[in-house]
Amino acid sequence: MRPHAGQAASDADTLRAYVEGSIAFYDTASNSCRPDFAPRTVAIILRDLLAGALLRLLGTPDLDVDGYTRELAVLCLRSVELPS
């Protein structure tokens, strides 16, 4: 989602890119989730995690944003990756 938003020229374009990127992600992710997870449930959980991340960013001025982002991404990926 970020690559789309990073190319935006205005706040409105950033919002549009974020929404479009989110929908595109959910559309593709629904086909690659573990078989024991319902894609809609995973999408809702991911959205809730992102909402929580926003609250954390707003409420924690000294947050290690890069570390937080990295760990959250790893957590999300590991929760849905197919076992090898």
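You'll find the structure just up there.
Residues numbered from 1 in each chain as written. Predicted model: local features only at pLDDT ≥ 70, side-chain atom pairs only at ≥ 80, totals over all residues. Heavy atoms only, no water.

**Points about the overall build of the chain**
Our working definition: Secondary structure elements are taken from DSSP: a helix is a run of H or I of four residues or more, a strand is a run of E of two residues or more, and numbering for both begins at the N terminus. In what follows, a contact means two residues having at least one pair of non-hydrogen atoms within 4.5 Å. In short, Shrake-Rupley with a 1.4 Å probe defines the accessible areas, and a residue's cover is counted only from the protein chains shown.
Helix and strand counts for the chain stand at 4 helices and 0 strands. Taken from the N to the C terminus, the helices and strands of the chain come in the order α-α-α-α. A fraction of 42% describes how many contacts in the chain between residues 6 or more apart in sequence connect residues 24 or more apart. Element-wise, carbon and sulfur atoms account for 61% of the exposed surface of the chain, whose accessible area totals about 6,600 Å².

**Here's the deal with the layout of surface pockets**
Applied cut-off: A cavity here means a set of points on a 1 Å grid, drawn over the protein atoms and nothing else, where a 1.4 Å probe fits but cannot get out; a pocket is an open set with protein on both sides within 12 Å along at least five of seven lines, and a residue lines either one if it has an atom within 4 Å of a point. Grid points are joined across faces, edges and corners, and a volume is the space filled by probe spheres set on the points. Residues were grouped as follows: Ala, Val, Leu, Ile, Met, Phe, Trp, Tyr, Cys and Pro as nonpolar; Asp, Glu, Lys and Arg as charged; and all remaining residues, including Gly, as polar.
Size it by volume and the second largest pocket reaches roughly 150 Å³. Elements that contribute at least two residues to the lining of the second largest pocket include exactly α3 (39–59) and α4 (65–80). Top contributing element to the lining of the second largest pocket by residue count: α3, with 5 residues. Residues that form the lining of the second largest pocket fall into these classes: 9 nonpolar, 2 polar and no charged.

**A look at α3**
Short version of the rule: To estimate how far a helix should reach, multiply one less than its number of residues by 1.5 Å. Whether a residue is buried, partly exposed or exposed follows from its accessible area with a 1.4 Å probe, protein chains only, as a fraction of its type maximum: under 20%, in between, or over 50%, in that order. Taken from the helix axis, the directions to the C-beta atoms give the arc we talk about.
If you check α3, its first and last C-alpha atoms are 30 Å apart, about what 21 residues at 1.5 Å a residue would give, namely 30 Å. For α3, the complete set of buried residues consists of Val42, Ala43, Leu46 and Ala53. Down the axis of α3, the buried set is contained in an arc of 100°. They therefore lie on one face. Within α3, the exposed residues directed more than 90 degrees away from the buried face are Arg40, Leu55, Leu58 and Gly59.

**Quick word on the environment of valine 42**
Relative to the helices and strands, valine 42 resides in helix α3. Judged by its relative accessible area of 9%, valine 42 is buried. Each C-alpha atom of the pair valine 42 and serine 79 lies 9.4 Å from the other, and the pair is 37 residues apart in sequence.

**A look at the nonpolar core**
This is how it is decided: Buried Ala, Val, Leu, Ile, Met, Phe, Trp, Tyr and Cys residues that are joined via side-chain atoms within 4.5 Å together make up what is termed a nonpolar core.
Counting residues in each nonpolar core, the largest one holds 8 residues, listed as Tyr26, Val42, Ala43, Leu46, Ala53, Leu72, Cys76 and Val80. Here this core takes 4 residues from α3, the largest share from any one element.

**Concerning the packing of α3 against α4**
To be explicit about the condition: Axes, fitted as lines to C-alpha atoms, cover a helix only where it is in contact. Angles between the N-to-C directions of the axes lie from 0 to 180 degrees. Note on terminology: angles under 35 degrees are roughly parallel, angles over 145 are roughly antiparallel, angles of 65 to 115 are roughly perpendicular, and the others are oblique. Helix crossings fall into two classes, left-handed where the near helix is turned counterclockwise from the far one by less than a right angle and right-handed where it is turned clockwise.
The geometry of α3 relative to α4 is characterised by a closest axis approach of 12 Å and an angle of 170° between their N-to-C directions. The orientation of α3 relative to α4 falls into the category roughly antiparallel. Taken as a pair, α3 and α4 cross one another with a handedness that is right-handed. Across the interface between the two elements, Val42, Leu46, Leu49, Gly52, Ala53, Arg56 and Leu57 of α3 pack against Val65, Tyr68, Leu72, Cys76 and Val80 of α4. Counted by class, the contact of α3 with α4 contains 10 nonpolar, 1 polar and 1 charged residues.

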